[in-house]
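The chain contents come next:
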Amino acid sequence: MSKDRIRVLHVVQHASLGGATLMAMTLAERLDPQRYDVTLAVGREAGPEGDLTGEMRERGLQVTTLANLGRPLRPWQDMLAAWELSRLIGSMRPTIVHTHGSKPKLLVPLATQVAQTPITVAHIWGWEWQPATNFAARYAFMAESRLVAEPYDALISCSRAMRDEGLRRGIGTPEQYEVIYPSINHERFRPPSDAERAEARAELGLPQDVTVVGSVMRMAPQKDPMLLVHAAALVEVLMPGVHWVIVGGGPLEQRVRRRVQQIGLAERVVLTGPRRDVPRVLAACDLFALSSAWEPFGIVYLEAQAMGLPVVGTDVNGASEAVADGKTGLLVPPGEYAPLAAAIMRIAGDPDLAARMGAAGIEHARQFTEQRFAGEVAALYDRLLGEHGADVQR
């Protein structure tokens, strides 16, 4: 292998705020710079969640944008994006191409037919068929995933649940999969002081002496934000006076805002829109809740637990790997607002239980460090480099 640094290209389908994008940025920062020369290639599109391209550059990361790479399926633009990728790979000549998201996973095998690269890795942050609304779309996405997975040297799954789901659907082989849990920044997400809690509540216009439930989500069908709003309405009936802070933007944001107004919760629910100072907002909260319809893992659960918050969520996919049900929080069936509200009220009404779960959550979250995440990815790279041997010579 060359004595030069190993060139790694991470391909991210969009620059919008989200878990996959943030984890790609973490790897670009945390992989040993003495060993790896890392570039991020990101789609130009950014939605209402916020654009992270500027932040990437401010953090000193090497970034290139791909004009035609985006989230929706658009055959003509997708072919142009594959061509852009092939040109980038041909000029950069990376040893490893590592994809994040469904679209890059689809396009990289096409691009590397033109500009070959020794090692390709696909990071699975969710399966393409999960958002599908009909059988035909689900079937088509499953067939596409089976075909696309075959040429990859490794498939990194963010949870055991995602790996097992892929294998059940005939996607890839057991030997291709590596389960590597994501990470959080423990310098940012830590238990707040009393002063920080009071300042955060004052900034958000929240009373100092009430129970505050926080949530952070992309307001899209995956997170089912309307379910959380309906749970809040039930809590208001049965346990009046609870306040709510919901952080995030997305395609359902305006519907959520209208619904909050319609059911008379405007004085109880603060909708902040997208924010990058999530720890500041969570510092104002007593517990955390999420209403996901599906959840490949749930990084935000770890962030809340690291701050000492007991959590309530839906028992879907990898959520049980992020939350120790009954110890750091409570998981309830998805799609039903009554069990979600009941779990929130159970914790809110039992300070001792909330304190025990909060303390257990801090301990649970400590294992999900950025150093561990980057180290496990680097170990996988080393194994693949060893397996390819002379094929990675430049």
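Structure shown above.
Residues numbered from 1 in each chain as written. Predicted model: local features only at pLDDT ≥ 70, side-chain atom pairs only at ≥ 80, totals over all residues. Heavy atoms only, no water.

**Section: the overall build of the protein chain**
Helix and strand counts for the protein chain come out as 15 helices and 13 strands. For 394 residues, the compact-globule estimate of 2.2 N^0.38 gives 21 Å, and the C-alpha radius of gyration of the protein chain, at 21 Å, lies within 12% of that figure. Seen along its three principal axes, the alpha-carbon backbone of the protein chain occupies a region of about 65 × 45 × 35 Å. The buried share of the protein chain, reckoned over its 394 residues, is 55%. When the accessible surface of the protein chain is totalled, it reaches about 16500 Å², and 52% of it is carbon and sulfur. Averaging the positions of the 41 positive and the 45 negative side-chain charges in the protein chain gives two centres separated by 3 Å. (Helix = DSSP H or I, 4+ residues; strand = E, 2+ residues; numbered from the N terminus. Rg over C-alpha atoms; globule rule 2.2 N^0.38 Å. Buried < 20%, exposed > 50% of the residue type's maximum accessible area, 1.4 Å probe, protein only. Areas by Shrake-Rupley, 256 points an atom, 1.4 Å probe, with all protein chains shown as cover. Lys, Arg positive; Asp, Glu negative; His and termini not counted. Charge placed at Lys NZ, Arg CZ, Asp CG, Glu CD.)

**Considerations on the pairing of strand β8 (residues 212-216)**
Counting buried positions along β8 gives five out of five residues, so the element sits mostly inside the fold. Across the two faces of β8 the burial is the same, with V212, G214 and V216 and V213 and S215 all buried. As paired strands, β8 and strand β9 (residues 243-247) are joined by five bridges and run parallel to one another. From the neighbouring strand, V216 faces β9, where its bridge partner is V247. Taken together, β8, helix α8 (residues 225-238) and β9 form a β-α-β motif whose crossover is right-handed. Judged from the two bridges that link them, β8 and strand β11 (residues 287-289) form a sheet pairing that is parallel. Its bridge partner lying in β11, V213 is registered against L287. (Pairing = 2+ DSSP bridges. Right-handed = clockwise from strand over helix to strand, strands pointing away.)

**Quick word on the packing of aromatic side chains**
A full pass over the atoms with the stated rule returns five aromatic pairs. Centroid distance Y36 to Y381: 5.7 Å. Interplanar angle 65 degrees. Geometry classified as edge-to-face. Placement of Y36 in strand β2 (residues 36-43) and of Y381 in helix α15 (residues 370-388) is noted, with a sequence separation of 345 residues between them. Here the two residues Y36 and Y381 agree in accessibility, since each one is buried. Seen in terms of ring centroids, Y181 and F297 are 5.4 Å apart; in terms of plane orientation they differ by 35 degrees. Their pairing is tilted. Of this pair, Y181 sits in the loop between β7 (177-179) and α7 (194-204) while F297 sits in the loop between β11 and α11 (299-306), placing them 116 residues apart in sequence. For the residue pair Y181 and F297, the accessibility class agrees, reading buried in each case. (Phe/Tyr/Trp six-rings, centres within 6.5 Å; stacked < 30°, edge-to-face > 60°.)

**Comments concerning the nonpolar core**
L40, W244 and F288 are the most contacted members of the largest nonpolar core, which has 130 residues in total. Ranked by the residues each element gives to this core, the list is headed by α15, at eight residues. Beyond its immediate stretch of four places on either side in the chain, W244 contacts V213, L228, A232, V235, R268, V269, V270 and I344. (Core = buried A, V, L, I, M, F, W, Y, C linked by side-chain atoms within 4.5 Å. Contact = heavy atoms within 4.5 Å.)

**Description of the packing of α8 against helix α9 (residues 253-262)**
Relative orientation of the contacting elements α8 and α9 amounts to 15 degrees, with a least axis distance of 10 Å. On the basis of the axis angle, α8 is roughly parallel to α9. The crossing of α8 and α9 is right-handed. For the pair α8 and α9, contact is made by P225, M226, V229 and H230 and by R255, V256, R259 and V260, respectively. Residues that form the contact of α8 with α9 fall into these classes: five nonpolar, one polar and two charged. (Axes fitted to C-alpha atoms, helices over the stretch in contact; angles between N-to-C directions. Parallel < 35°, antiparallel > 145°, perpendicular 65-115°, else oblique. Left-handed = near helix turned anticlockwise from the far one by under 90°. Nonpolar A, V, L, I, M, F, W, Y, C, P; charged D, E, K, R; others polar.)

**Remarks on the pattern of salt bridges**
Scanning the model with the defined rule gives 26 salt bridges in all. Between R201 and D286 there is a salt bridge, with the nearest N and O atoms lying 2.7 Å from each other. Here R201, found in helix α7, pairs with D286, found in the loop between α10 (278-282) and β11; they are 85 residues apart in sequence, far enough to count as distant. Accessibility expressed as a relative area gives 0% for R201, which makes it buried. Of the charged contacts in the structure, one is a salt bridge between R268 and E236, with a shortest N-O distance of 3.1 Å. Remark: E236 occurs in helix α8 and R268 occurs in the loop between α9 and β10 (269-273); sequence separation between them is 32 residues. Taking relative accessible area as the criterion, R268 reaches 23% and is therefore assigned partly exposed. Looking at E236, the relative accessible area reads 23%, which means it is partly exposed. (Salt bridge = Lys/Arg side-chain N within 4 Å of Asp/Glu carboxyl O.)

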